[in-house]
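# Breakdown of the fold
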Amino acid sequence: LGIESLLHNAAGRPVDALHSFNEAWRLGQCCKLHTSLPFLGVEIARLELASGRLDSAETTLLQAMREATFYRPSPKAAALCRLLESVQKARGDRRGELHWQREAAEADSAFAELRQEIRRQLDTLAASWQAFPPPGAHIGQDTG
């Protein structure tokens, strides 16, 4: 349903896209597929914002943000924060806009730190493999 929704949106059918995204959201909740909700929240909120439905977009984003907290740090958390920033900006709430702007920056920073740590660990692991001979290197060698 998520892919179908993206295709509807790409084809210029935002109403159909929103309908499919909402169905995917409903299924995600009832089937306890919570990992998809941050992605769906971003997409649903974009469409709701585009149609001027600020209250609905904010509700969707806050629900998706609750789910995203289980998977943080992630780029989706930052995207949700940026969309919440847009909602507050559209409302003229400068304080709320700045709050979500800071939250987005923190989410981006946390994800960048995680990505850097993962790369460091992968480099350490790759370097440790150099200490071992390649598989099959001992075949055909005289052992004594």
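Above this text you will find the structure in question.
Below: a short report on this structure. (Residues numbered from 1 in each chain as written. Predicted model: local features only at pLDDT ≥ 70, side-chain atom pairs only at ≥ 80, totals over all residues. Heavy atoms only, no water.)

### Some details on the packing of helix α3 (residues 37-50) against helix α5 (residues 75-91)
In plain terms, the rule: For helices, the fitted axis covers only the stretch in contact; all axes are lines through C-alpha atoms, and the angles between them, taken along N-to-C directions, range from 0 to 180 degrees. What counts as a helix is a DSSP run of H or I of at least four residues, what counts as a strand is a run of E of at least two, and both are numbered from the N terminus. Relative orientations are named as follows: roughly parallel for angles under 35 degrees, roughly antiparallel for angles over 145 degrees, roughly perpendicular for angles from 65 to 115 degrees, and oblique for any other angle. Working rule for handedness: look at the near helix, and if it is turned counterclockwise from the far one by less than a right angle, call the crossing left-handed; if clockwise, right-handed. Contact criterion: two residues are considered in contact whenever any of their non-hydrogen atoms come within 4.5 Å of each other. Amino acids are sorted into nonpolar (Ala, Val, Leu, Ile, Met, Phe, Trp, Tyr, Cys and Pro), charged (Asp, Glu, Lys and Arg) and polar (every other residue, Gly among them).
Packing of α3 against α5 leaves a shortest axis separation of 9 Å and a crossing angle of 20 degrees. In this view, α3 runs roughly parallel relative to α5, as classed from their interaxial angle. Both α3 and α5 take part in a crossing whose hand is left-handed. In this structure, α3 contributes P38, F39, G41, V42, A45, R46 and L49 to the contact, and α5 contributes K76, A79, L80, L83, S86 and V87. By residue class, the composition of the contact of α3 with α5 is nine nonpolar, two polar and two charged.

### Considerations on helix α6 (residues 94-129)
Selection criterion: Working rule for helices: expected span equals 1.5 Å times residues minus one. Polar contact is defined as a pair of N or O atoms within 3.5 Å, subject to the rule that within protein one atom must be able to donate a hydrogen and the other to accept it, and that residues adjacent in sequence are counted only when both atoms are side-chain atoms.
Between its first and last C-alpha, α6 extends 53 Å over 36 residues, near the 52 Å set by a 1.5 Å rise per residue. In this structure, the buried residues of α6 make contact with α4 (54-68) and α5. Where α6 begins, one side-chain oxygen reaches toward the backbone nitrogen of R95, 3.3 Å away; that side chain belongs to D93.

### So, the packing of aromatic side chains
To keep it simple, the criterion reads: For this analysis, a ring pair means two rings from Phe, Tyr or Trp (six-membered ring only for Trp) whose centres lie within 6.5 Å, classed as stacked if their planes differ by under 30 degrees, edge-to-face if by over 60, and tilted for the remaining angles. Only protein chains enter the accessibility calculation, which uses a 1.4 Å probe; a residue whose area is less than 20% of its type maximum is buried, one above 50% is exposed, and one in between is partly exposed.
The tally for this structure, following the rule as stated, stands at one aromatic pair. Between F21 and F39, the aromatic rings sit 6.3 Å apart at their centres with planes inclined by 75 degrees, giving edge-to-face as the arrangement. Pair noted here: F21 is in helix α2 (residues 14-30) and F39 is in helix α3, with a separation of 18 residues, a long-range link. The exposure class assigned to F39 is partly exposed, which follows from its relative accessible area of 26%.

### A closer look at unusual backbone geometry
Among all residues save glycine, negative phi is the norm, and among peptide bonds the norm is trans. The phi dihedral of K32 falls on the positive side, at around 60 degrees, and the residue is not glycine. Among the secondary structure elements, K32 is positioned in the loop between α2 and α3. K32 gets classed as exposed once you look at its relative accessible area, which sits at 64%.

### A word on the pattern of salt bridges
Rule in force here: Think of a salt bridge as a Lys or Arg side-chain nitrogen and an Asp or Glu carboxyl oxygen that are within 4 Å of each other.
Counting across every chain of the model gives eight salt bridges. We note a salt bridge from R91 to E58, for which the minimum N-O separation is 2.6 Å. Here R91 is found in helix α5, whereas its partner E58 is found in helix α4, with 33 residues between them in sequence. For R91, a relative accessible area of 33% puts it in the partly exposed group. Among the ionic pairs, D108 bridges to R82, the shortest N-O distance being 2.9 Å. Residue D108 is located in helix α6, and its partner R82 is located in helix α5; the two are separated by 26 residues in the primary sequence. Several salt bridges converge on common partners, so that one network encompasses D55, E58 and R91.

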